[in-house]
Amino acid sequence: TAIFNTPLAAILLAIEVLLFEWKPRSFVPLVAAVLVAWTARPSLIGVGPMFPFDAAMPASAELAGGAAAIGIVTGLLSAFISSTLYLTEDLFQRLPVHWMWWPAIGAVAVGIGGLIDKHVLGAGYASIQALLDSSLALRVVIALMVVKALVWLIALGSGTSGGVLAPLLILGGAAGYLAGQMLPGDAGFWAMIGMAG
């Protein structure tokens, strides 16, 4: 709630991911925490959106068709990434080393990925904003998408704890940005559509 200014989405995400019941003993503290975060956000972060974006596209059939195409692409990308994550977890279980070393192997992969493309390190908020601003070169977006996916899959597959939301926004945004090269209008707009997908 405090970071993205999305109180309802925060409640739904917490219910889906963290809580396993719809009982008042878990729902009431969750709502209280969301309200406190929402109230404190203006003084801590500000009132504006996390990722400012002001490109407008006129409503048209071409716009709807492009958005539908990006939705299909991101859906296929999602299925591919999910199955690849399960495969990566299985590969780690086959390694001839004790499981306690898996996160270290994942950390080495993250470090190598960071040497290849520095944009894959950290939370990725700057990369998300750069995609929306259309300020990245095409080759940088391709490298970001490929390296971020590999680093993220290896890190999660190794059992290393890590975020899911920002990497998925980056991957979806990069897919939308790339598709936006063939669609009318600003590529940042299509990156936003990819993030939504």
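Residues numbered from 1 in each chain as written. Predicted model: local features only at pLDDT ≥ 70, side-chain atom pairs only at ≥ 80, totals over all residues. Heavy atoms only, no water.

J.: Honestly, helix H2 (residues 24-44) in this entry has me stumped. Any pointers?
T.: Side chains that are three or four residues apart share a direction in an α-helix, a result of its 3.6 residues per turn. The end-to-end C-alpha distance of H2, which contains 21 residues, comes to 29 Å, matching closely the 30 Å that a straight helix rising 1.5 Å per residue would cover. Where H2 is concerned, the buried positions are Ser26, Leu30, Val34 and Arg41. For H2, the secondary structure elements touched by its buried residues are helix H1 (7-17). (Helix = DSSP H or I, 4+ residues; strand = E, 2+ residues; numbered from the N terminus. Expected span 1.5 Å × (residues − 1). Buried < 20%, exposed > 50% of the residue type's maximum accessible area, 1.4 Å probe, protein only. Contact = heavy atoms within 4.5 Å.)

J.: Explanation requested: unusual backbone geometry in the structure shown.
T.: Comment: phi is negative for the bulk of residues other than glycine, and the bulk of peptide bonds are trans. Not every positive phi belongs to a glycine, and Asn5 is a case in point at roughly 60°. Tracing the backbone shows Asn5 in the segment before H1. Positioned with a positive phi, Ser134 is a non-glycine residue whose angle comes to about 55°. Locating Ser134 in the fold gives a position in the loop between helix H5 (125-133) and helix H6 (138-157).

J.: Would you mind showing me how to read the side chain of Thr88 here?
T.: Note that Thr88 resides in helix H3 (residues 61-93). If we skip the residues at most four places from it in the chain, Thr88 touches Leu153, Ile154 and Gly157.

J.: Could you clarify how one ought to interpret the packing of aromatic side chains in this entry?
T.: To describe a pair of aromatic rings, one takes the distance between the centres and the angle between the planes. A full pass over the atoms with the stated rule returns five aromatic pairs. For the pair Phe4 and Tyr125, a centre-to-centre distance of 6.0 Å together with 85° between the ring planes defines the contact as edge-to-face. One end of the pair, Phe4, is in the segment before H1; the other, Tyr125, is in helix H5, and 121 residues separate them in sequence. Seen in terms of ring centroids, Phe51 and Tyr125 are 5.8 Å apart; in terms of plane orientation they differ by 65°. Their pairing is edge-to-face. With Phe51 in the loop between H2 and H3 and Tyr125 in helix H5, this pair connects stretches of sequence that are 74 residues apart. By relative accessible area, which is 16% here, Phe51 ends up buried. Judged by relative accessible area, Tyr125 falls into the partly exposed class, the value being 28%. (Phe/Tyr/Trp six-rings, centres within 6.5 Å; stacked < 30°, edge-to-face > 60°.)

J.: Help me understand the nonpolar core in this model?
T.: Side chains that are nonpolar tend, in soluble globular proteins, to be buried together. Core analysis: the biggest nonpolar cluster contains 29 residues, and Ile128, Leu131 and Leu136 have the highest contact counts within it. Core analysis: the next-biggest nonpolar cluster, separate from the first, contains six residues, Ala10, Ile11, Ile15 and Leu30 among them. (Core = buried A, V, L, I, M, F, W, Y, C linked by side-chain atoms within 4.5 Å.)

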